[in-house]
Amino acid sequence: MQVLFGGTFDPVHDGHIAMVDHLRVTFPSATIHVIPNNRPPHRNSEVSAHHRLEMLQLAMSHLQDIRINRIEFERPGPSYTIDTLNGLRELFGNDESFVLVLGADAIRKMDFWYRPRAVPLLCNICILNRAGERVDIPSVLAEMNEISDGGLLDNLPSGYLIRLQTPDLFVSSTLVRSLITKGAKQLPVPPKVADYLVKYNLYQNTE
Ligand code: ATP
């Protein structure tokens, strides 16, 4: 089983680390691929993709069963999820179970993705459902079968949807960027990432 956790990681923070830990417990037999996008399709970052990748490596490369996957750095142009899924299918074949992890914010924007209807044909989907929140399923995923036992996904390559109940951690990359601009000394990021942010003076000019 291959669990795919993509994002901009602009920058990586303690919430991402907590989610990866949660995924490791939920899918113990899986390899977890953390997939930073190279060129996010719907936003710009003031920090280069290289810096975002470096910080991700500092934060996670020592964790067991985690692979920082650079597949989106191998393609020019916007980093569309559908292209990543097709690329990974070429590597792993059609019988491998894929679980694409999406937070509530990503799910809400899914109707506006590039070729979203093809996504459930290529993978299962795990929705990160934060405490106290009920994420609505977008119309492009309406045909998916919802199941509650993550263990079943081991033998199912695609087409199933699972909600993972996660703690509500009040941290986001937006919050980290804003704290840096305000000159905060303590940031909700791993210590090595905090050092890197200072060393390269990153996110000092965030609006
Ligand atoms: P931004 O604030 O810039 O939008 P972000 O903190 O949401 O960024 P992303 O890199 O966009 O970070 O997130 C990657 C994935 O991690 C997404 O699926 C997102 O929903 C999820 N995620 C981010 N922060 C948390 C959190 N605190 N708890 C649970 N999931 C999170």
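Residues numbered from 1 in each chain as written. Predicted model: local features only at pLDDT ≥ 70, side-chain atom pairs only at ≥ 80, totals over all residues. Heavy atoms only, no water.

**Overview of the site of the ligand**
Point 1. Neighbouring the ligand are 20 residues; F9, H13, D105, S173 and T174 lie closest to it.
Point 2. Contacts to the ligand include T8, whose backbone N or O atom sits 3.0 Å from an oxygen atom.
Point 3. Here T174 contributes a side-chain N or O atom positioned 2.5 Å from an oxygen atom of the ligand.
Point 4. When the ligand is considered free in solution it has 610 Å² of accessible area, and contact with the protein chains removes 91% of it.
Point 5. Taken together, the elements giving at least two residues each to the shell around the ligand come down to β1 (2–7), α1 (14–26), β5 (124–130) and α6 (173–181).
Point 6. Within the shell around the ligand, the residues separate by chemical class into six nonpolar, ten polar and four charged. (Near = heavy atom within 4 Å. Polar contact = N/O pair within 3.5 Å; in protein donor to acceptor, adjacent residues only side chain to side chain. Areas by Shrake-Rupley, 256 points an atom, 1.4 Å probe, with all protein chains shown as cover. Helix = DSSP H or I, 4+ residues; strand = E, 2+ residues; numbered from the N terminus. Nonpolar A, V, L, I, M, F, W, Y, C, P; charged D, E, K, R; others polar.)

**Observations regarding the packing of helix α2 (residues 49–60) against helix α7 (residues 191–199)**
Point 1. Packing of α2 against α7 brings their axes to within 8 Å, and their N-to-C directions diverge by 150°. With respect to α7, the axis of α2 lies roughly antiparallel. Seen along the crossing, α2 lies across α7 with a hand that is right-handed. On the side of α2, the interface is formed by H50, H51, E54, M55, L58 and A59, while α7 contributes K192, V193, Y196 and L197. (Axes fitted to C-alpha atoms, helices over the stretch in contact; angles between N-to-C directions. Parallel < 35°, antiparallel > 145°, perpendicular 65-115°, else oblique. Left-handed = near helix turned anticlockwise from the far one by under 90°. Contact = heavy atoms within 4.5 Å.)

**Here's the deal with the pairing of strand β7 (residues 160–166)**
Point 1. The element β7 is extensively covered by neighbouring structure, given that five of its seven residues are classed as buried.
Point 2. Here six bridges tie β5 to β7, and the two strands are oriented parallel to one another. In the sheet register, N129 faces β7, and the bridge partner there is Q165.
Point 3. Both strand β6 (residues 145–147) and β7 contribute to a ladder of three bridges, which runs parallel. Along β7, the bridge assignment pairs E146 with L161. (Buried < 20%, exposed > 50% of the residue type's maximum accessible area, 1.4 Å probe, protein only. Pairing = 2+ DSSP bridges.)

**Overview of α7**
For an α-helix, 3.6 residues make a turn, and residues three or four places apart therefore share a direction.
Point 1. Taken together, the buried positions of α7 are occupied by V193, Y196 and L197. Down the axis of α7, the buried set is contained in an arc of 100°. They therefore lie on one face. Facing away from the buried side of α7, by more than 90 degrees, are the exposed residues P191, K192, D195, V198 and K199.
Point 2. Structurally, α7 contributes buried residues whose contacts are with α2 and α6.
Point 3. A positive phi of about 55° marks N201, the residue just after α7. (Arc of directions from axis to C-beta.)

**What about the sheet that holds β5?**
Point 1. The seven strands are arranged β3-β2-β1-β4-β5-β7-β6 in an open sheet whose pairing can be described as parallel. For this open sheet the edge positions go to β3 (66–68) and β6, each flanked by a neighbour on one side alone. Adjacent strand axes in the sheet meet at a mean angle of 30° when their direction is disregarded.
Point 2. One ladder, built from six bridges, connects β1 with strand β2 (residues 31–36); its direction is parallel. Bridged to F5 within β2 is V34.
Point 3. Helix-sheet contacts for α1 involve β1, β2, β3, β4 (98–103), β5 and β7, and the interaxial angle to β7 is about 120°.

**Quick notes on the nonpolar core**
Point 1. Counting residues in hydrophobic clusters, the biggest one holds 40 residues, and the most contacted among them are V3, F5, F27, V34, M60 and L197.
Point 2. Other than its neighbours up to four places away in sequence, V3 contacts L23, F27, A30, T31, I32, H33, V99 and V101.
Point 3. In terms of nonpolar packing, the next biggest core, distinct from the first, is built from 24 residues, I35, A104, M110 and A118 among them. (Core = buried A, V, L, I, M, F, W, Y, C linked by side-chain atoms within 4.5 Å.)

**Quick look at the state of the cysteines**
One way to say it: the disulfide is the covalent bond shared by the sulfur atoms of two cysteines.
Point 1. Evaluation of the coordinates by the stated rule reveals zero disulfides.
Point 2. In this structure C123 is a free cysteine whose sulfur lies 11 Å from that of C126, the closest cysteine sulfur available.
Point 3. The buried category is assigned to C123, whose relative accessible area is 0%. (Disulfide = S-S within 2.5 Å.)

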